[in-house]
Amino acid sequence: MSVIHRTTMTPTKLELLAPWLPGRPWHFGGGGEPRLTRAGGFRLDDPQGEVGIEFMVAVDESGDRPVAYQVPLTYRGAPLDGAEHALVGTSEHGVLGRRWIYDGVHDPVLLARLFALLDGEAEPQQQSISNTPDPTVTARFTGAGPLSPAEVTDVTDGPHGTDVHARGAATGPGRLTLRVNRVLEPLRDEPSAPAGQALGDVTAGWLMPDGTAARALFAVVHAAG
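Cut-offs and rules
- Throughout, a residue's number is its position along its own chain's written sequence, starting from 1.
- Under the rules for a predicted model, residues below a pLDDT of 70 receive no local features and side-chain atom pairs below 80 are neither given nor counted, while totals for whole chains, interfaces and linings still include all residues.
- Processing note: side-chain calculations cover all non-hydrogen atoms of the structure and skip hydrogens and water entirely.
- The helix count covers DSSP runs of H or I at least four residues long, the strand count covers runs of E at least two residues long, and both are numbered beginning at the N terminus.
- Atoms counted for the radius of gyration: C-alpha only. Globule rule: 2.2 Å times residue count to the power 0.38.
- Whether a residue is buried, partly exposed or exposed follows from its accessible area with a 1.4 Å probe, protein chains only, as a fraction of its type maximum: under 20%, in between, or over 50%, in that order.
- By the convention used here, residues are in contact when the closest approach between their heavy atoms is within 4.5 Å.
- In this description, accessible areas are obtained by the Shrake-Rupley approach with a 1.4 Å probe, and a residue is regarded as covered only by the protein chains that are shown.
- None of His or the chain ends enter the tally, which takes Lys and Arg as positive and Asp and Glu as negative.
- For charged residues, the charge sits on one atom: NZ in Lys, CZ in Arg, CG in Asp, CD in Glu.
- Counted as a polar contact is a pair of N or O atoms within 3.5 Å, where, for protein atoms, one must be capable of donating a hydrogen and the other of accepting one, and residues adjacent in sequence contribute only when both atoms are in side chains.
- We define a nonpolar core as any set of buried Ala, Val, Leu, Ile, Met, Phe, Trp, Tyr and Cys residues linked to one another through side-chain atoms lying within 4.5 Å.

Asker: Just to check I follow, could you spell out the overall build of the chain for this structure?
Answerer: Summing up its helical and strand segments, the chain has two helices and twelve strands in all. When the helices and strands of the chain are listed from N to C terminus, the series reads β-α-β-β-β-β-β-α-β-β-β-β-β-β. Against the globule reference of 17 Å for 225 residues, the chain gives a C-alpha radius of gyration of 17 Å, in line with a compact fold. Taking the principal axes of the C-alpha coordinates as reference, the chain spans close to 45 × 40 × 30 Å. Residues classed as buried in the chain amount to 46% of the 225 residues present. When contacts within the chain are restricted to residue pairs at least 6 apart in sequence, long-range pairs at least 24 apart make up 57% of them. Taken as a whole, the chain presents about 10600 Å² of accessible surface, with 52% of it coming from carbon and sulfur. Mean positive and mean negative side-chain charge positions of the chain (18 and 27 charges, respectively) differ by 1 Å.

Asker: Would you mind showing me how to read the environment of aspartate 107 here?
Answerer: With respect to the element layout, aspartate 107 can be found in the loop between strand E6 (97-103) and helix H2 (108-118). Leaving out residues up to four positions away in the same chain, aspartate 107 has contacts with Val51, Thr74, Arg76 and Leu80. In this structure the side chain of aspartate 107 is engaged in a polar contact, spanning 2.8 Å, whose partner is the side chain of threonine 74.

Asker: What's the story with the side chain of aspartate 163 in this structure? I'm lost.
Answerer: By secondary structure assignment, the location of aspartate 163 is in strand E9 (residues 161-168). At a separation of 2.3 Å, a polar atom in the side chain of aspartate 163 contacts the side chain of arginine 179. Not counting residues up to four positions away in its chain, the partners in contact with aspartate 163 are Asp154, Val155, Thr156, Thr177, Leu178 and Arg179.

Asker: Quick question: what am I supposed to make of H2 here?
Answerer: Note on helix geometry: an α-helix contains 3.6 residues per turn, so any two residues three or four positions apart are oriented the same way. In terms of burial, H2 is a largely internal element, eight of the eleven residues being buried. Every buried residue belonging to H2 is among Leu110, Leu111, Arg113, Leu114, Phe115, Ala116, Leu117 and Leu118, and all of these are buried. Capping the start of H2 is the job of one residue whose side-chain oxygen sits 3.0 Å from the backbone nitrogen of valine 109: aspartate 107. Remark: glycine 120 follows H2 within two positions and exhibits a positive phi of approximately 80 degrees.

Asker: What's the story with the nonpolar core in this structure? I'm lost.
Answerer: Nonpolar side chains tend to gather and get buried jointly when the protein is soluble and globular. Phe42, Leu178, Val202, Trp206 and Phe218 are the most contacted members of the largest nonpolar core, which totals 35 residues. Within the residue set of this core, elements represented by two or more residues are strand E2 (36-44), strand E3 (52-60), H2, E9, strand E10 (176-181), strand E11 (200-207) and strand E12 (213-223). Broken down by element, this core gets its largest block of residues, seven residues, from H2. The contact partners of leucine 178, leaving out residues within four places of it in the chain, are Leu114, Phe115, Leu118, Thr162, Asp163, Val164, Ala219, Val220 and Val221.

Asker: Sorry, what's going on with the side chain of glutamine 70 here?
Answerer: Within the fold, glutamine 70 resides in strand E4 (residues 67-76). Residue glutamine 70 is classed as buried on the basis of its relative accessible area of 1%. Ignoring anything within four residues of it in the chain, the contact list for glutamine 70 reads Phe55, Met56, Val180, Asn181, Arg182, Leu184 and Phe218.

Asker: So what exactly am I meant to see when it comes to unusual backbone geometry here?
Answerer: A negative phi holds for most residues other than glycine; trans holds for most peptide bonds. Omega for the peptide link from threonine 10 to proline 11 comes to -5 degrees, which places this bond in the cis form. With respect to the helices and strands, the residue proline 11 is situated in the loop between strand E1 (9-10) and helix H1 (13-20).

All we've got here are geometric facts, nothing functional implied.
What follows is the structure in structure tokens.
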């Protein structure tokens, strides 16, 4: 189980994200540098205990209306080979020392645990409390066979989110696409089953600036042929 340390990070996660977000193809836009508030999310455990995994929701209030971004992050004690393009920045952790912080959709450990979550083999954890499950996060997969272990073939950032293309036991000779939604749109009603042609999804929540609780699809799985 991951341990949440009550300590400092310099610079903070939000200080790293503010200049990084505008360069993403899925950034909504707006005037100037984002004005971010940490608004929610959850964590997953790395079975090896080496990589911190967080699915953060950061709300930007710099524009005409608040925009909620999902930013999956991984925290490592050393650089991840071949992932320079996904580095958000480095920060000095008050207990663990220097941490390399990555856009987690490009980190194989986070992707493996996200597939395990969809398979029901990983338990979501509270974002800020050690060793405490978060029952508000729901995950389901209706395809044949498990998703993990999955072979990720490529990861593509686009205007609507990040698409992770993979092959696994559930796909047979074809592929699947795991869409990680970056701009979160609140659900009006909790879905009772994956929508449309989706094979599965992950749903979680956050708080809007006015204190209203919101939930959205954080990730959706489709067959890709």
